[in-house]
Amino acid sequence: MALEFNKVIAVIDIDDHLAPIIMQTAESLTAASGELHAIDSNPFITTFESPYAAGAIEADSKAHQADAERRQEAMEALSAKHAANATVAVLDGDPSRDAASYAKKIDADLIVIGSHQKTWWKRLLLGSESSDMLREAPCAVFVVTEAYTKRLKA
């Protein structure tokens, strides 16, 4: 018997090379009668203009909306290629908090997320979404690592 879950969330950064592998892994862990939700987070974009400059807030808002639309289209294309029945959503904000909140909302059984296995120095400077997810998640978390992707290619 394979390990299968009824409600699975694939947390994807559409601009990351791990995105297809995360989607494939989440699809393989979803039961035949289960639900797969693929989500991406769209952090708010800020221009380098002063917020007091005329039109800066509107420009930021338009850039944010354009990026959300780009992400949605890319997520739908990824879903069509790897998991046609997935529900796709692009959420605003922080990936780990968004995914944890979404998981609570749909009562998810599993979250699948990627990890670049950064050194402690890079983790200190850049942070780690997968580590944050482990702390925030209301359910089981499956972490797709760089090492796992190398094994798949071998």
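Just so you know, the residues in each chain are numbered from 1, in the order the chain's sequence is written. It should be noted that, the model being predicted, local features are given only for residues of pLDDT at least 70 and side-chain atom pairs only at 80 or more, the latter also being counted only at that level, while totals for whole chains, interfaces and linings use all residues. Note that water and hydrogens are dropped before the side-chain values are worked out from all heavy atoms of the structure.

Enquirer: I would appreciate a short explanation of the nonpolar core in the present structure.
Expert: Nonpolar side chains in soluble globular proteins tend to end up buried together. Buried Ala, Val, Leu, Ile, Met, Phe, Trp, Tyr and Cys residues form a nonpolar core when they are joined through side-chain atoms within 4.5 Å. Burial here depends on accessible area, computed with a 1.4 Å probe over protein chains only, as a share of the maximum for the residue type. Under 20% is buried, over 50% is exposed, and the range in between is partly exposed. The biggest cluster of nonpolar side chains holds 22 residues, and the ones touching the most others in it are Val8, Ala10, Ile12, Ile22, Met23, Leu36 and Val112. Starting at the N terminus, helices and strands are each numbered in turn, a helix being any DSSP run of H or I of at least four residues and a strand any DSSP run of E of at least two. Only β1 (5–11), α1 (19–29), β2 (30–42), α2 (56–82) and β4 (110–115) provide two or more residues apiece to this core. For this core, the element with the most residues is α1, which contributes 6 residues. Working rule for contacts: check all heavy atoms of both residues, and any pair within 4.5 Å makes them a contact. Not counting chain neighbours up to four residues away, the residues in contact with Val8 comprise Ala26, Leu29, Thr30, Glu35, Leu36, His37, Leu110 and Val112. The next biggest cluster of nonpolar side chains, apart from the first, holds 14 residues, and it includes Ile39, Ala99, Ala103 and Ile106.

Enquirer: I would appreciate a short explanation of the pairing of β1 in the present structure.
Expert: Along a regular strand, successive side chains alternate from one face of the sheet to the other. Where burial is concerned, most of β1 is hidden: 5 out of the 7 residues are buried. In this analysis, strands are considered paired if DSSP registers two or more bridges between them. Note that β1 and β2 share 6 bridges and pair parallel. If you follow Val8 over to β2, its bridge partner there is Leu36. Taken together, β1, α1 and β2 form a β-α-β motif whose crossover is right-handed. By the criterion used throughout, a crossover qualifies as right-handed when its path from the first strand across the helix to the second strand runs clockwise, the strands pointing away from the viewer.

Enquirer: I tried to follow the environment of His82 on my own but got confused; where do I start?
Expert: Mapped onto the elements of the fold, His82 is located in helix α2. Spatially, the C-alpha atom of His82 lies 7.2 Å from that of Pro20, the residues being 62 residues apart in sequence. Look past the residues within four positions of His82 in its chain and what remains in contact with it is Pro20, Met23, Gln24 and Glu27. In this structure the side chain of His82 is engaged in a polar contact, spanning 3.0 Å, whose partner is the side chain of Gln24. What qualifies as a polar contact is a pair of N or O atoms within 3.5 Å, subject to a donor-acceptor requirement within protein and to the restriction that residues adjacent in sequence count only when both atoms come from side chains.

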